[in-house]
Amino acid sequence: MANVSSLDDRAKASFDFAKESTKQIITLATGIIALTITFQKDILSAGQIPAEAKFYAPLSWLFFLLSVIFGLWTLLALAGTLDPKSPGQPSIYGKNIIIPSIIEILCFVIGLGLTVWYGFLALS
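It should be emphasised that the depicted structure is a prediction, and the values quoted were computed from it without experimental measurement. Sequence order as written defines the numbering, with residues in each chain counted from 1. Owing to the predicted nature of the model, reporting of local features is limited to residues with pLDDT of at least 70; listing and counting of side-chain atom pairs is limited to 80 or more, with chain, interface and lining totals taken over all residues. The side-chain figures draw on all heavy atoms in the structure; neither hydrogens nor water molecules are used.

Draft legend 1. Seen up close, the packing of aromatic side chains. Two aromatic rings, drawn from Phe, Tyr or Trp (for Trp, its six-membered ring), form a pair once their centres lie within 6.5 Å of each other, and the interplanar angle then sorts them: stacked below 30 degrees, edge-to-face above 60, tilted otherwise. Applying the stated criterion across every chain yields a total of four aromatic pairs. Aromatic pair Phe55 and Tyr56: ring centres 5.5 Å apart, planes at 75 degrees, arrangement edge-to-face. Owing to a relative accessible area of 51%, Phe55 belongs among the exposed residues under this scheme. The exposure class assigned to Tyr56 is partly exposed, which follows from its relative accessible area of 22%. A ring pair is formed by Trp117 and Phe120, whose centres lie 5.2 Å apart and whose planes are at 25 degrees; its orientation type is stacked. Here Trp117 and its partner Phe120 are both found in helix H4 (residues 95-123), three residues apart, which amounts to about one turn of the helix. Relative accessibility decides the category of a residue: with a 1.4 Å probe and only protein chains considered, values under 20% of the type maximum give buried, values over 50% give exposed, and everything between is partly exposed. What counts as a helix is a DSSP run of H or I of at least four residues, what counts as a strand is a run of E of at least two, and both are numbered from the N terminus.

Draft legend 2. View of the nonpolar core. Definition used in this section: a nonpolar core is a set of buried Ala, Val, Leu, Ile, Met, Phe, Trp, Tyr and Cys residues joined via side-chain atoms within 4.5 Å. Counting residues in hydrophobic clusters, the biggest one holds eight residues: Leu7, Ala11, Phe15, Ala18, Ala77, Leu78, Ile92 and Ile97. Of all the elements in the fold, those that place two or more residues in this core are helix H1 (9-38) and helix H3 (56-81). Of all the elements, H1 adds the most residues to this core, at three residues. Ignoring sequence-local partners within four residues, the contact set of Ala77 consists of Asn96 and Ile97. If you look at the next biggest cluster of nonpolar residues, it comprises seven residues, including Ala29, Ile33, Val68 and Phe108. In this analysis, two residues are considered to be in contact whenever any of their non-hydrogen atoms come within 4.5 Å of each other.

Draft legend 3. Expanded view of H1. Given a helix with a known number of residues, its expected span is that number minus one, times 1.5 Å. Counted at 1.5 Å a residue, the expected span for H1 with its 30 residues is 44 Å, and the 43 Å between its end C-alpha atoms agrees. Within the sequence span of H1, burial applies to Ala11, Phe15, Ala18, Thr22, Ile25, Ile26, Ala29, Ile33 and Thr36.

Draft legend 4. Looking closely at the packing of H3 against H4. Every angle, taken between N-to-C directions, lies between 0 and 180 degrees, and every axis is a line fitted to C-alpha atoms, over only the stretch in contact when it is a helix. Running from N to C, H3 and H4 cross one another at 160 degrees; their axes reach a closest spacing of 7 Å. On the basis of their axis angle, the class for H3 and H4 is roughly antiparallel. Judged by the sense of rotation from one axis to the other, the crossing of H3 with H4 is left-handed. The class makeup of the residues in the contact of H3 with H4 is 21 nonpolar, nine polar and one charged. For classification, angles of less than 35 degrees are called roughly parallel, those exceeding 145 degrees roughly antiparallel, those between 65 and 115 degrees roughly perpendicular, and all remaining angles oblique. When the near helix sits turned anticlockwise from the far one by under a right angle, the crossing is termed left-handed; a clockwise turn instead gives a right-handed crossing. Here the term charged refers only to Asp, Glu, Lys and Arg, the term nonpolar to Ala, Val, Leu, Ile, Met, Phe, Trp, Tyr, Cys and Pro, and the term polar to all other amino acids, Gly among them.

Written out as structure tokens, the structure reads:
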């Protein structure tokens, strides 16, 4: 059985980078949600904003929330993979880590795109 102390420096660094990248996306997603919800009254009730544009802000919140959920799943998978009782050599390329990580990133990018698209429609 492998454990954290038996990992070489590169493997330890890969887990650290994966953890920090995941945490950074979670932080950005929650920050964007908090900022846009704080100003939702100004964002969604402005009279000049087309009705179809108002649909994109809440939709972006949904994707940011999904990104946070999958980010937490990724962090839990990273921790579980490093558990000394886990069989085999720990790797960040296991399906238990890759799948939620990819979904986290995709949801974040979609949420960001929807936020930008909302801003574009609201300003035009």
